[in-house]
Amino acid sequence: MNQGHVNPGEVVNLRTLTNEMPPESTFALVKTPDMEVIRMVLPGGKKVDEHSVKGEISVQCLEGKTLFTVEDKELELNEGDWLYLNRNQSHSLKALTDSVLLVTILFTDT
């Protein structure tokens with residue numbers, strides 16, 4: 001499976017990354033059978049429709065402000081905020097301002 005754009009032991013700055021990963025783009029930083037880590041860039045107003053993921057999800061807001069709807073409950077993530085979602089938990093989101101999120105998905109067979 002593709003390991004993503006970051007090599008084990010490599011240090012990257014999540015705000016700027018490297019020349020191969022423009023700061024305005026969403027990238028899968030690491031993808032293994034057990035985990036996927038994504039630096040998600042959302043321009044203000046961008047919506048992601050309701051969906052769920054087979055793994056447990058951790059979302060950290062690095063920049064901006066994003067509104068998550070989780071099971072009909074609205075949760076606002078601001079810079080520095082962190083959110084955890086259960087496996088298969090339905091959610092949608094909307095960037096209220098230009099936002100950068102660090103999304104980690106853990107895939108386990110339990």
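For the structure itself, consult the block above.
Here the residue index of a chain counts from 1 through its sequence in written order. Residue-level local features of this predicted model are given only where pLDDT is at least 70; pairs of side-chain atoms are given and counted only at 80 or more, and the full residue set underlies all totals for whole chains, interfaces and linings. As a rule here, side-chain values cover all heavy atoms of the structure and leave hydrogens and water aside.

Starting at the N terminus, helices and strands are each numbered in turn, a helix being any DSSP run of H or I of at least four residues and a strand any DSSP run of E of at least two. Scanning the chain for helices and strands turns up zero helices and nine strands. Going from N to C terminus, the chain has its helices and strands arranged as β-β-β-β-β-β-β-β-β. Put simply, the chain has 110 residues, and 35% of those count as buried. The contact criterion used is simple: two residues touch if any of their non-hydrogen atoms lie within 4.5 Å. Excluding contacts between residues fewer than 6 apart, the proportion of contacts in the chain whose partners are at least 24 apart in sequence is 65%. Using the Shrake-Rupley algorithm and a 1.4 Å probe, accessible areas are obtained, with residue cover drawn only from the displayed protein chains. Entry remark: accessible area of the chain is about 6700 Å², with carbon and sulfur atoms responsible for 49%. To sort residues, take the accessible area from a 1.4 Å probe on protein chains only and compare it with the maximum for the residue type: under 20% means buried, over 50% means exposed, and anything in between is partly exposed.

Let us look at the sheet that holds strand S5 (residues 65-70). When DSSP finds two or more bridges between two strands, those strands count as paired. If you walk across this open sheet you meet the four strands as S3-S8-S5-S6, and the pairing is antiparallel. Among the strands making up the open sheet, the edge pair consists of strand S3 (47-51) and strand S6 (73-78). Averaged over all neighbouring strand pairs, the angle between strand axes comes to 15°, with direction disregarded. In this sheet, strand S8 (residues 91-95) lies alongside S5 in antiparallel orientation, the contact comprising five bridges. Residue pairing in the sheet places Thr69 in a bridge with Ser92 of S8. Geometry is summarised by axes, namely lines fitted to C-alpha atoms with helices restricted to the contacting stretch, and by angles between N-to-C directions that run from 0 to 180 degrees.

Right, let's get into the nonpolar core. Of all hydrophobic cores here, the largest spans 16 residues; its most connected members are Ile57, Val59, Phe68, Leu101 and Val103. Elements supplying a minimum of two residues to this core: strand S2 (35-42), strand S4 (56-63), S5, strand S7 (82-85), S8 and strand S9 (99-106). Apart from the residues within four sequence positions on either side, Leu101 is in contact with Ile38, Arg39, Met40, Leu42, Val59, Gln60, Cys61, Leu62, Thr66, Phe68 and Leu93. For the purposes of this section, nonpolar cores are sets of buried Ala, Val, Leu, Ile, Met, Phe, Trp, Tyr and Cys residues that join through side-chain atoms within 4.5 Å.

So, on to the sheet that holds S7. With antiparallel pairing, five strands are arranged side by side in an open sheet as S1-S2-S9-S4-S7. Single-partner strands in this sheet number two, and they are strand S1 (27-31) and S7. This sheet shows a mean twist of 15° between the axes of neighbouring strands, independent of strand direction. Bridge count for S2 against S9 is eight bridges, and the pairing is antiparallel. What sits directly across from Arg39, in S9, is Leu102.

Once that is clear, we can look at the pairing of S9. Side chains on a regular strand alternate between the two faces of the sheet. Burial within S9 is extensive, with seven of its eight residues counted as buried. The pairing of S4 with S9 spans seven bridges and is classified as antiparallel. Following the sheet pairing, Ser58 is matched in S9 by Thr104.

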